[in-house]
Amino acid sequence: MRIHQWILAFGLLLNLASAHAGDSPSLKAGVARVNITPDLPFWLTGYASRTAPAKEVLHSIWAKVLVLEQSKDNRIIFVAVDVLGLSKEIVEDVFTALHAQFGIQRSQLLINSSHTHAGPMIWPCLNVIYDFDEAEQARIATYTQRLSRQIVGAVEEAMRGLFPAKVFTGKGSAGFAINRRDALFPKGAVDHDVPVLKVESEDHSIKAVLFGYACHNTTLVDKNNLISGDYAGVAQTKIEAAHPGATALFLMGCAGDQNPYPRGTSALVEQHSTELANAVGKVLMEAMNPVRAPIRTEFQVVSLSFRPVDRSVFQQDILSSNKFLQRRARLMLEAYNKGWNTSQFSYPIQAVRFNNDFTILGLSDEVVVDYSILYKKTYPRENLFVAGYCNDVQLYVPSKKVLDEGGYEGGESMIYYGHPGPFADDVEDRITNAVHKVMRRVGAKKY
Ligand SMILES: [Zn+2]
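Residues numbered from 1 in each chain as written. Predicted model: local features only at pLDDT ≥ 70, side-chain atom pairs only at ≥ 80, totals over all residues. Heavy atoms only, no water.

Next up on the list: the packing of aromatic side chains. This model, assessed by the stated rule, comprises 20 aromatic pairs. Taking the centre distance of 6.1 Å and the plane angle of 50 degrees together, the rings of Tyr371 and Tyr375 count as tilted. One end of the pair is Tyr371 and the other is Tyr375, both in helix 8 (residues 370-378) and four residues apart, which spans about a single turn. Relative accessible area serves as the criterion here: at 1%, Tyr371 is assigned to the buried category. (Phe/Tyr/Trp six-rings, centres within 6.5 Å; stacked < 30°, edge-to-face > 60°. Helix = DSSP H or I, 4+ residues; strand = E, 2+ residues; numbered from the N terminus. Buried < 20%, exposed > 50% of the residue type's maximum accessible area, 1.4 Å probe, protein only.)

Shown next as structure tokens:
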């Protein structure tokens with residue numbers, strides 16, 4: 001045998017050895033859940049047209065936790081929450097508590113909001129849409145603090161119950177997401193992938209199913225005033241019913257410009273959740289690929305700029321008959337008076353990579369689908385899921401295309417989120433540069 005044949009044979013042996021190692025449980029998993037349905041009546045968020053708090057529950061809502069760990073340096077805590085979005089403050093609270101208790105790094109905690117528009121108001125997110133008195137604000141702030149403690153409690157429970165686990169990945173598809181900008185700006189993209197992560201105990205029973213989809217969780221439109229996790233919440237319930245003992249966790253994808261179609265009734269929640277749960281169920285029935293350690297995680301905050309807006313614009317807006325413009329102007333003038341920086345936005349970007357097997361790029365806020373499509377193209381060798389709505393959710397993040405087109409996701413929505421105006425032209429470039437940095441640091445290669 002020539003020397004290069006020896007090298008080839010030896011390489012093959014190594015590969016076989018590592019494939020064999022992948023079969024044995026090198027990971028531990030922990031799972032927990034907590035019911036986060038508020039005491040009623042309670043104001044729901046997401047639609048400015050609501051005129052009363054919710055008085056009934058259609059579906060209970062949950063925070064769910066999946067911990068995957070090889071060692072302290074090598075772990076990830078996924079938290080999936082049935083709310084519209086979280087504030088920076090609550091995410092920071094949760095991290096601070098978990099860092100003190102378990103020594104976790106910031107990159108080891110990924111919180112994702114399902115973006116249900118039938119979930120409770122989280123203080124101070126999206127507060128421009130309502131004009132609450134101090135008592136109502138305090139009540140919402142109290143719920144927000146309770147939610148933070150509940151998430152920490154669920155993570156503690158998951159960490160206490162770590163068990164040897166095998167993890168697998170696969171991908172399905174569901175077709176009910178449409179690009180909601182199509183009527184005004186044709187040729188909008190969609191991403192119908194349904195990434196799935198299955199966590200089994202040593203006896204092969206399914207303990208957790210993590211899955212994603214890129215579509216606004218808004219089947220129930222503004223006329224609904226009942227608490228619900230919408231299609232994503234009900235899909236989790238269906239998956240759990242099909243696999244008793246399993247906890248299903250939903251991670252929202254880049255759904256900024258994606259809507260369910262059709263929408264408007266609870267029968268359609270049933271329809272879309274069934275389609276999504278069936279897509280996940282089909283993947284679980286097929287042969288799935290093993291997901292191995294190490295788990296590499298990175299977290300970076302990139303600074304994004306808003307287009308400059310002169311103070312005089314807000315001095316005009318505060319006199320406007322449009323109450324949303326007026327409230328945004330009040331916030332902006334207060335910020336100017338206090339000397340706060342209103343021209344920059346701190347944007348967290350996170351990557352979680354399991355060996356060469358599965359990668360989650362966690363973008364924050366309401367990211368449009370162009371980002372998912374771009375990064376999947378840039379990293380074709382990665383089994384990549386680009387999640388949006390990770391960490392905090394405080395505005396829409398348009399691509400350069402959507403920014404140039406304008407419209408709600410391109411800039412108008414900044415009014416309701418209480419920001420000065422559209423992003424500057426380099427928003428996509430700044431995010432993409434930071435994405436390449438975190439992806440490189442977790443070992444992903446372009447092209
Ligand atoms: Zn939204």
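This paragraph deals with the coordination of the zinc ion. Protein-derived ligands of the zinc ion are His115 (NE2), His216 (NE2), Glu366 (OE), Glu366 (OE) and Tyr396 (OH), with the metal-ligand distances lying across 2.0 to 2.8 Å. On the primary sequence, the residues serving as donors to the zinc ion are separated as H-x100-H-x149-E-x29-Y. With His216 in the loop between strand 9 (206-213) and strand 10 (226-227) and Tyr396 in strand 19 (residues 396-397), this residue pair connects regions lying 180 residues apart in the sequence. In this structure, His216 and Tyr396 share a single accessibility class: buried. (Donors = N, O, S within 2.8 Å, 3.2 Å for Na, K, Ca; no water.)

This next bit is on the domain arrangement of the protein. If you check the domain split of the protein, you get domain 1 (24-300 + 365-391) and domain 2 (309-337). Here the C-alpha centroids of domain 1 and domain 2 sit 34 Å apart. Taken together, the contact between domain 1 and domain 2 spans six residues of the former and five residues of the latter. The largest contributions to the domain 1 side of the interface with domain 2 come from Ala48, Val128 and Asp131, which together make up 80% of the buried area. Our count for the contact surface shared by domain 1 and domain 2 stands at one salt bridge. Residue Asp131 pairs with Arg330 through a salt bridge whose shortest N-O separation is 3.5 Å. The tally of links from domain 1 across to domain 2 stands at three residue pairs in polar contact (both at pLDDT 80 or more). Taken together, the residues that form the side of domain 1 that touches domain 2 break down as four nonpolar, one polar and one charged. (Domains from an automatic or database assignment. Contact = heavy atoms within 4.5 Å. Buried area = accessible area lost by both parts, 1.4 Å probe. Salt bridge = Lys/Arg side-chain N within 4 Å of Asp/Glu carboxyl O. Polar contact = N/O pair within 3.5 Å; in protein donor to acceptor, adjacent residues only side chain to side chain. Nonpolar A, V, L, I, M, F, W, Y, C, P; charged D, E, K, R; others polar.)

It is worth spelling out the pairing of strand 8 (residues 193-201) at this point. Where burial is concerned, most of strand 8 is hidden: eight out of the nine residues are buried. Pairing of strand 6 (residues 163-173) with strand 8, which is carried by nine bridges, proceeds in the antiparallel orientation. Looking across to strand 8, one finds that Thr169 is bridged to Leu197. The sheet contact formed by strand 8 and strand 9 spans five bridges and is antiparallel. Bridging across to strand 9, Val196 finds its partner in Phe211. Adjacent in sequence and paired antiparallel, strand 8 and strand 9 are bridged by four residues, among which His204 carries a positive phi angle near 70 degrees. (Pairing = 2+ DSSP bridges.)

This part covers the packing of helix 4 (residues 230-242) against helix 5 (residues 266-285). Remark: helix 4 packs on helix 5, axes separated minimally by 8 Å, with the N-to-C direction vectors making an angle of 50 degrees. As judged from the angle between their axes, helix 4 and helix 5 are oblique. When the axes of helix 4 and helix 5 are compared, the crossing they make is right-handed. Contacts between helix 4 and helix 5 pair Asp230, Tyr231, Val234, Ala235, Lys238 and Ile239 from the former with Val269, Glu270, His272, Ser273, Thr274, Leu276, Ala277 and Val280 from the latter. (Axes fitted to C-alpha atoms, helices over the stretch in contact; angles between N-to-C directions. Parallel < 35°, antiparallel > 145°, perpendicular 65-115°, else oblique. Left-handed = near helix turned anticlockwise from the far one by under 90°.)

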